[in-house]
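Fold and geometry: a report
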Amino acid sequence: METSMIEKLDTARSSFLKWATVGYAIWFGTYIVTDLFKWPEIPSVLQGVRILGWLILLVSGIRAMKLKRELRWDKKMRGALEGELHQYNLRRSFQMGFFVVMGVTAVFLMFSLFYIIPALLVTKVIFYLGGLTVLISKMFYNRD
């Protein structure tokens, strides 16, 4: 019984992590696309896509809070679900995100020697790729 509940909660965590990744990629990615293209039609078209991504991210965030609430009540279940492997994978995914942020920053620094790049665009791209890397690597490490 308890093993099936742990598996159910782990599946729920994997599911909302996948949807959070999709929602974040769509929602924040549209901000970068609107900065790259200055056509007047692009922002109005992407507004609906941005709202869709935001809604997906919102629903997955609500599901994450629901899981945290369930785990707060049952300490034994929380210990099984958020054990050493989970903590290790979480640390590895944040490390991966750090290295991507540093790498993308270095690439932009090299490009800035030859081209003028808007600071807001650089900041958005670094933030986007860093966050997306953490989410994707967490999904990748969580599949074990």
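The numbering scheme is per chain: residues are counted from 1 as the chain's sequence reads. Per-residue local features of the predicted model are confined to residues with pLDDT of at least 70, and side-chain atom pairs are confined, for both listing and counting, to 80 or more; whole-chain, interface and lining totals are unaffected and use all residues. As a rule here, side-chain values cover all heavy atoms of the structure and leave hydrogens and water aside.

1. Some details on the nonpolar core
To keep it simple, the criterion reads: For our purposes a nonpolar core is just a set of buried Ala, Val, Leu, Ile, Met, Phe, Trp, Tyr and Cys residues, chained together by side-chain atoms within 4.5 Å. Relative accessibility thresholds used throughout: buried, under 20% of the residue-type maximum; exposed, over 50%; partly exposed, between the two (1.4 Å probe, protein chains only). Segments assigned H or I by DSSP are reported as helices when at least four residues long, segments assigned E as strands when at least two residues long, and all are numbered from the N terminus. The split of the chain into domains comes from an automatic or database domain assignment. When checking whether two residues touch, look at their non-hydrogen atoms; a contact exists if any pair is within 4.5 Å.
By size, the foremost hydrophobic cluster in this structure holds 13 residues, and its most contacted members are Tyr24, Ile32, Phe108, Val125 and Tyr128. Residue assignment for this core shows that the elements contributing at least two residues are α1 (2-36), α4 (84-111) and α5 (119-142). Broken down by element, this core gets its largest block of residues, seven residues, from α5. When residues of this core are assigned to domains, at least three map to each of domain 1 (1-74) and domain 2 (83-144). The residues contacting tyrosine 24, other than those within four sequence positions of it, are Gly29, Leu57, Phe127, Tyr128, Gly131, Leu132 and Leu135. Phe16, Ala64, Leu67 and Leu71 belong to the second-largest nonpolar core, a separate cluster that totals seven residues.

2. Description of the pattern of salt bridges
Counted only if it meets this: Counted as salt bridges are all cases of a side-chain nitrogen of Lys or Arg within 4 Å of a carboxyl oxygen of Asp or Glu.
Applying the stated rule across the entire model yields one salt bridge. The closest approach of N and O atoms between aspartate 10 and arginine 13, which form a salt bridge, is 2.8 Å. Of this pair, aspartate 10 and arginine 13 both sit in helix α1, separated by three residues, roughly a single helical turn.

3. Remarks on the packing of aromatic side chains
For the record, the criterion: Pairs were defined over the aromatic rings of Phe, Tyr and Trp, the Trp ring being its six-membered one, requiring ring centres within 6.5 Å. Orientation was assigned from the angle between planes: stacked under 30 degrees, edge-to-face over 60, tilted for the rest. Two conditions define a charge sitting above a ring: the NZ of Lys or the CZ of Arg must be within 6 Å of the ring centre, and it must be within 35 degrees of the ring normal.
Scanning the entire structure with this criterion turns up ten aromatic pairs. On the numbers, 5.8 Å between centres and 90 degrees between planes, the contact of tryptophan 27 with tyrosine 31 is edge-to-face. Highlighted residues: tryptophan 27 and tyrosine 31, both in helix α1, separated by four residues, approximately one helical turn. Take tryptophan 27: its relative accessible area is 22%, and that puts it in the partly exposed class. For tyrosine 31, a relative accessible area of 27% corresponds to the partly exposed category. Plain terms: the ring middles of phenylalanine 98 and phenylalanine 99 are 5.5 Å apart, the flat faces sit at 65 degrees to each other, and that makes the pair edge-to-face. By the ring-pair criterion, three or more aromatic residues cluster together here, those being Tyr24, Trp27, Phe28, Tyr31, Phe127 and Tyr128. The side chain of arginine 50 reaches across the aromatic face of tyrosine 31, ending 4.0 Å from its centre. Geometry around tyrosine 141 places arginine 92 over its ring, the cationic atom sitting 3.8 Å from the centre.

4. Concerning the domain arrangement of the protein chain
The condition that has to hold: Computed with a 1.4 Å rolling probe, the buried area is the accessible surface lost when two parts are put together, summed over both parts. Between N or O atoms, a polar contact is any pair within 3.5 Å; within protein, one atom must be a potential hydrogen donor and the other a potential acceptor, and residues adjacent in sequence are included only when both atoms are from side chains.
The assigned domain composition of the protein chain is domain 1 (1-74) and domain 2 (83-144). Contact with domain 1, which involves 15 residues of that partner, is made by 13 residues of domain 2. At the boundary of domain 1 with domain 2, total buried surface from both sides reaches about 1300 Å², with 73% on carbon and sulfur atoms. At the boundary of domain 1 with domain 2, the tally comes to zero salt bridges. Linking domain 1 with domain 2 are three residue pairs in polar contact (both at pLDDT 80 or more).

5. So, the packing of α4 against α5
How we decide: Interaxial angles span 0 to 180 degrees and are taken between N-to-C directions of axes, which are lines fitted to C-alpha atoms, for helices over the stretch in contact. Angle categories: roughly parallel below 35 degrees, roughly antiparallel above 145, roughly perpendicular from 65 to 115, and oblique for all the rest. Handedness of each helix crossing follows the sense of rotation of the near helix against the far helix: counterclockwise by less than a right angle gives left-handed, clockwise gives right-handed. Only Asp, Glu, Lys and Arg are considered charged, only Ala, Val, Leu, Ile, Met, Phe, Trp, Tyr, Cys and Pro nonpolar, and every remaining residue, Gly among them, polar.
Running from N to C, α4 and α5 point in directions that differ by 150 degrees, and their axes come no closer than 8 Å. It follows that α4 is roughly antiparallel to α5 by the angle criterion. At the point where α4 passes α5, the crossing takes the right-handed sense. Of the residues that constitute the contact of α4 with α5, the class distribution is 13 nonpolar, eight polar and two charged.

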